[in-house]
Amino acid sequence: MFFSTSILAVVIYRFLPVYLTPLMVIRCFQQVGEGESIQLHHHWVSLDQISPHLPVAVMASEDQRFLLHHGFDYDAIEKAAQHNLRGGKKHGASTISQQTAKNVFLWPGRSWTRKGFEVYFTALIELMWSKQRIMEVYLNSIEMGDGIYGADACAEYHFNKTASDLSRADCALIAATLPNPRKFSSKNPSAYMRLRQRQIEQNMKFIPSFPKEGEDYDPHTAAGGVYRHKR
């Protein structure tokens, strides 16, 4: 029953918008529990209605090998594991695919059980969805502020724009907040956020423009590209 329903859900979300996620529901219950009014701002828009700078910005910030891996960046995992063994602040190595699987199908947390489900759903969406669909769902479902989910809601409430009108600098600033969007704000950015924004803008120069559905891509032609890959 679990395998059949989970596969069906992944197939359905390959085509239909994701209007509500477990995290959105959990945040609403948390707001009620803290005596606050419910804040949930989310507008689904297609990938072609989102600034082309935003996929590049989130890849530069979160997952530079998104177009190359099949859900898991083993080099990043190895480096994070080596760093964590030395102690200090823990580093993660979640890819955009893993974050999408977690946001759409699972709950927040760090238990091994949840991580196991994350691996399972990541493999499923990588098998059944295109990279464009994964990016589209990611940019529409990820938390981008307190009660704000997705690029269009973030553009409206933090920049007074639509997602398609976000500038390169806006997108870099949004990407800078993603490690902790409830702590870091793209509406009222701190000096640290401005520094992260500039770093991401620099990294964006070495990330290929995001290909459209069905389009071949050749990262070798991008600035700094050292590889060639055709999906």
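Scroll up for the structure.
Now for a description of the structure that goes with this document. Here the structure is a predicted model, which means the values were calculated and not measured.

## Let's talk about the overall build of the chain
Per the secondary structure count, the chain includes ten helices and three strands. Listed N to C, the secondary structure of the chain is α-α-β-α-α-α-α-α-β-β-α-α-α in terms of helices and strands. Across the 231 residues of the chain, 47% fall into the buried class. Put simply, of all contacts in the chain between residues at least 6 apart along the chain, 67% involve residues at least 24 apart. Per element, the accessible surface of the chain, about 12,300 Å² overall, is 56% carbon and sulfur.

## Quick notes on the side chain of Thr21
Mapping Thr21 onto the fold places it in the loop between α1 (2-13) and α2 (22-33). In this view, Thr21 contacts Asn103, Val104 and Ser141; residues no more than four positions away in its chain are not counted.

## Observations concerning the nonpolar core
Side chains of nonpolar character tend, in soluble globular proteins, to be buried together. Val58 and Met135 are the most contacted members of the largest nonpolar core, which has 52 residues in total. Elements with a contribution of two residues or more to this core: α3 (53-62), α5 (96-105), α6 (112-128), α7 (131-141), α8 (151-159), α9 (168-177) and α10 (191-204).

## A short note on the sheet that holds strand β3 (residues 148-149)
Judged by pairing direction, the sheet is mixed, and its three strands sit side by side in the order β1-β3-β2 without closing on themselves. The open sheet terminates on both sides in strands that have one partner only, identified here as β1 (41-42) and β2 (143-145). Two elements, β2 and β3, share two bridges in a ladder whose sense is antiparallel. Its bridge partner being in β3, Gly145 is matched across the sheet by Ile148.

## Overview of the pattern of salt bridges
Tallying each qualifying case throughout the model produces eight salt bridges. Salt-bridge contacts for Glu118 lead to Lys115; the nearest nitrogen and oxygen are separated by 3.1 Å. Separated by three residues within a single helix, Glu118 and Lys115 lie in helix α6, roughly one turn from each other. The class for Glu118 is buried, based on a relative accessible area of 1%. Residue Glu126 pairs with Lys131 through a salt bridge whose shortest N-O separation is 2.8 Å. Of the two residues examined, Glu126 and Lys131, each falls in the buried class. Among the charged side chains, a salt-bridge network with shared partners connects Arg27, Glu143 and Arg182.

## Some words on a nonpolar patch on the surface
Together, Phe2, Phe3, Ile7, Leu8, Val11, Ile12, Phe15 and Leu16 make up an exposed nonpolar region whose accessible area comes to about 760 Å². With respect to the helices and strands, the residue Phe2 is situated in helix α1. Classification of Phe2 as partly exposed rests on a relative accessible area of 36%.

What counts and what doesn't
Residues numbered from 1 in each chain as written. Predicted model: local features only at pLDDT ≥ 70, side-chain atom pairs only at ≥ 80, totals over all residues. Heavy atoms only, no water. Helix = DSSP H or I, 4+ residues; strand = E, 2+ residues; numbered from the N terminus. Buried < 20%, exposed > 50% of the residue type's maximum accessible area, 1.4 Å probe, protein only. Contact = heavy atoms within 4.5 Å. Areas by Shrake-Rupley, 256 points an atom, 1.4 Å probe, with all protein chains shown as cover. Core = buried A, V, L, I, M, F, W, Y, C linked by side-chain atoms within 4.5 Å. Pairing = 2+ DSSP bridges. Salt bridge = Lys/Arg side-chain N within 4 Å of Asp/Glu carboxyl O. Patch = residues over 30% accessible without salt bridge, like charges linked within 9 Å, V, L, I, M, F, W, Y side chains within 5 Å.

Everything listed here is a matter of geometry and, on its own, says nothing about what the molecule does.
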